[in-house]
Amino acid sequence: MSHYDYAVLAFYFVFMIAISWAFRRFVNNVSDYFRSGGQIVWWMVGGSAFMVSFSAWTFTGAASKAYSDGWPIAVIYVANAVGFICNALYFAPKFRQLRVITAIQAVRERFGRANEQIFTWLQLPTGIIYAGIWLNSLGVFFSAAFGLDLTWTILGTGLVVLFMSLVGGSWAVVASDFIQVLILMPVCLVVAVLAVLKLGGFGAFLDRVPSHHFDFSQVFSKEFLLFWCVAMLIKQFTSTNNLMDASRYLCVKDSRHARWAGFLGAGLFLVGIFIWFVPPMAAAALFPDLGTVYPTLKNPNEGAFMAVSQAVLPVGMVGLLVSGIFAATMSSMDSGLNKNAGIFIKNFYQPHFRPHAADAH
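Residues numbered from 1 in each chain as written. Predicted model: local features only at pLDDT ≥ 70, side-chain atom pairs only at ≥ 80, totals over all residues. Heavy atoms only, no water.

A. The pattern of salt bridges, seen in detail. For the structure shown, the criterion picks out 4 salt bridges. Shared partners join several salt bridges into a network, and the residues in it are Arg108, Arg113 and Glu116. (Salt bridge = Lys/Arg side-chain N within 4 Å of Asp/Glu carboxyl O.)

Dropping the structure here:
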């Protein structure tokens, strides 16, 4: 990356911190801090829900599979879109009508205090472990691809996410996630369009990428592929419609806004399928041997998206794309931190230690 790209990346981190500082004024009580007081409009919640549902793995591991195998990896994201449509049609309005601050409070009201504690202590440790995995994989990739220091990448990203979540609460988390959508999606769209043009147009793109990338008959001939596709549809439907992961709808203004937020998440995933996986497929034609491009990556194919981006983007926009890849992980982490903090406070600390504590405490 050039000095301009590093400047863009630095500005992105400063801007995210500024957003959290600005939104701290919206927090007046516990409900505001953990679910934005149920006052956020659909387009912010939909954008946030979309960003929370994937991480930087989309641009590394998933891109690697698109580079080598073609279409099958997109099934995961189609399943996400289907899950969000089911959110919109049924689950999202129901979740909003729960009128609780954390999802675990609904578990307590329906299944009692014992189940409340079981789900609390299943969620908190696993949330911390997931965040650690995301941070480590993000640091390893950027260390190998761009020479960024692994330790400082992990510490810097982690501290920025912590500051955002701590200072601004749910308002800052949702607002920053929506801003990250506005950064990530247009840049990825530009990369996809320029990648196709670099190959000579859409017809040339279809001719030059490996033929099996668009061979949908593989689902009947390749061992276990059909079963894998079905399993992914079920798994992603479950992950987008369970109470814990769909707690984002507790933030929205009303049931109508919850419904439209679900539709927005589905639409963004359908668009994302094309703009995320066209570049790595194009990389299969442009860079048949990524090992020479990224010799320090353990799996060079994980650099497919970045290789195309560096080849087609002008100076400065690579930094914007890198910011978007950071955003993909940061959005999952800040939402997870806010959710876990809410669960710890409302479902463990307050009921067991300070049942009559005021919001200020």
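There's plenty left to go through after this.
B. Representation of the packing of aromatic side chains in the model. Counting across every chain of the model gives 34 aromatic pairs. The interplanar angle of 75° and the centroid separation of 5.4 Å between the aromatic rings of phenylalanine 13 and phenylalanine 326 together place this pair among those described as edge-to-face. With phenylalanine 13 in helix α1 (residues 3–23) and phenylalanine 326 in helix α14 (residues 317–352), the pair connects residues that are 313 residues apart, well separated along the chain. Neither phenylalanine 13 nor phenylalanine 326 differs from the other in exposure class; each is buried. Measuring from centroid to centroid gives 6.2 Å for phenylalanine 269 and tryptophan 276, while their planes differ by 85°, and the two rings are edge-to-face. Here the two residues phenylalanine 269 and tryptophan 276 agree in accessibility, since each one is buried. An aromatic cluster of three or more residues is present, and its members are Phe50, Phe54, Phe59, Tyr77, Phe84, Phe269, Trp276, Phe277 and Phe305. The ring centre of tryptophan 21 lies 3.9 Å from the NZ or CZ of arginine 24, which sits over that ring. (Phe/Tyr/Trp six-rings, centres within 6.5 Å; stacked < 30°, edge-to-face > 60°. Helix = DSSP H or I, 4+ residues; strand = E, 2+ residues; numbered from the N terminus. Buried < 20%, exposed > 50% of the residue type's maximum accessible area, 1.4 Å probe, protein only. Lys NZ or Arg CZ within 6 Å of the ring centre and 35° of its normal.)

C. How the structure looks around a nonpolar patch on the surface. On the surface, a nonpolar cluster with roughly 710 Å² of combined accessible area is contributed by Phe220, Phe224, Leu226, Phe227, Val230 and Ile234. The element that contributes the greatest number of residues to the nonpolar patch is helix α11 (residues 225–241), accounting for 4 residues. Positionally, leucine 226 belongs in helix α11. (Patch = residues over 30% accessible without salt bridge, like charges linked within 9 Å, V, L, I, M, F, W, Y side chains within 5 Å. Areas by Shrake-Rupley, 256 points an atom, 1.4 Å probe, with all protein chains shown as cover.)

D. Structural view of the packing of helix α7 (residues 113–146) against helix α8 (residues 150–198). At a closest axis distance of 8 Å, the pairing of α7 and α8 adopts a crossing angle of 135°. As the angle between them shows, α7 and α8 are arranged oblique. Crossing geometry of α7 relative to α8 is assigned as right-handed. Judged by residue contacts, Leu135, Asn136, Leu138, Gly139, Val140 and Ser143 of α7 engage Leu150, Thr153, Ile154, Thr157 and Gly158 from α8. For the contact of α7 with α8, a count of residues per class yields 5 nonpolar, 6 polar and no charged. (Axes fitted to C-alpha atoms, helices over the stretch in contact; angles between N-to-C directions. Parallel < 35°, antiparallel > 145°, perpendicular 65-115°, else oblique. Left-handed = near helix turned anticlockwise from the far one by under 90°. Contact = heavy atoms within 4.5 Å. Nonpolar A, V, L, I, M, F, W, Y, C, P; charged D, E, K, R; others polar.)

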